[in-house]
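Residue-level structure breakdown
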Amino acid sequence: MNPEQSLQDFMNACQVRVEAALDARLPAAAKLPERLHQAMRYSTLGGGKRLRPLLVYATGQALGVAPDVLDGPACAVEFIHVYSLIHDDLPAMDNDDLRRGKPTCHKAFDDATAILAGDALQALAFHVLAHDPALAVTAEQRIAMVETLAMASGSLGMVGGQGIDLDSVGKELDLPGLEAMHIRKTGALIRASVRLVALARFGLEEGTAERLDRYAKCIGLAFQIQDDILDVESDTQTLGKTQGKDQVNDKPTYPALLGMAAAKEKAGDLIDEALDCLKPLGAGAESLCGLARFIVQRHS
Ligand code: GRG
């Protein structure tokens, strides 16, 4: 099997796995309040690359933590991600009609239901981490995992990055400013996806945890650079969301600041650095290596 094929197999298997795990953890559509639960299921199920859950399972593979232990953390990071997408698409934020190839939550339902669906998915993420019976860890580990996800999601993480983004409209962000925004907005949750598994692994040596954290930080930034590149070079159908919005909204991006060629080079350098971090982990880190490459090779 060539390495690309084995990555594709790994991704397919994890995507199927996490779809079932998400389905099982979401409230049934027929459960009161039905419309809210339908909206949560509509936005969560049947779409997206599932990059953050993939990182959870791939880190588990590298550290010898079994997938069934990790279904809860994989769902928790995806629930936070989906909540952020629902809220980001609202008229008060990015005002988008299309997400994952279908109408955004507030278009398919209404603004108020979309706000509630995002709120409830966020709460569900923490419920799953705090409660999931298959997550075989000590109470201390569980608390550390809840704390990690809370920090990554809140005003010092993802929401803080969105805050910087909102403040930056119509202003010139320089490269450090742009980086500070994306390290929080996109990077924090990607980093948490890897860190949650390091926390779930008993007796992990500090050096390995640090290398994994550096890997995650590099791919998080590379992911955002590629996102900016695709906003210029791809099309709405392939992306499953409206293409070209960064330029229309006059958003600071890596291609705008650095030029397209330098933006691609920077993304490539970050992936090289990420791959370097994984070298001491050996063959078990193959999927993490593959996901790093996938991040800059993806088309959507
Ligand atoms: C509004 C609470 C709140 C937070 C907003 C992360 C974020 C902060 C908003 C998401 C909007 C966005 C388009 C961010 C840019 C990068 C990004 C996270 C893209 C979407 O992630 P993918 O490509 O999406 O992993 P899929 O659909 O594949 O899961």
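Our subject in this report is the structure included herewith. Remember, predicted model here, so these are calculated numbers, not experimental data. (Residues numbered from 1 in each chain as written. Predicted model: local features only at pLDDT ≥ 70, side-chain atom pairs only at ≥ 80, totals over all residues. Heavy atoms only, no water.)

1. Looking at the site of the ligand
K49, R52, H81, D88 and R100 are the nearest of the 19 residues found near the ligand. One of the side-chain nitrogen or oxygen atoms of H81 is found 2.8 Å away from an oxygen atom of the ligand. About the coverage of the ligand: the protein hides 92% of its 700 Å² of free accessible area. By residue number, the principal contributor to the shell around the ligand is helix α4 (residues 67-89), which donates six residues. Its residues assigned to classes, the shell around the ligand shows five nonpolar, seven polar and seven charged. (Near = heavy atom within 4 Å. Polar contact = N/O pair within 3.5 Å; in protein donor to acceptor, adjacent residues only side chain to side chain. Areas by Shrake-Rupley, 256 points an atom, 1.4 Å probe, with all protein chains shown as cover. Helix = DSSP H or I, 4+ residues; strand = E, 2+ residues; numbered from the N terminus. Nonpolar A, V, L, I, M, F, W, Y, C, P; charged D, E, K, R; others polar.)

2. Considering the packing of aromatic side chains
Enumeration according to the criterion identifies one aromatic pair in this entry. Where Y42 meets F109, the ring centres are 5.5 Å apart and the plane angle is 75°; that geometry is what we call edge-to-face. Pair noted here: Y42 is in helix α2 (residues 34-44) and F109 is in the loop between α5 (105-108) and α6 (111-131), with a separation of 67 residues, a long-range link. The side chain of R52 reaches across the aromatic face of F223, ending 5.4 Å from its centre. Cation over ring: R298 sits above F223, and NZ or CZ is 4.1 Å from the ring centre. (Phe/Tyr/Trp six-rings, centres within 6.5 Å; stacked < 30°, edge-to-face > 60°. Lys NZ or Arg CZ within 6 Å of the ring centre and 35° of its normal.)

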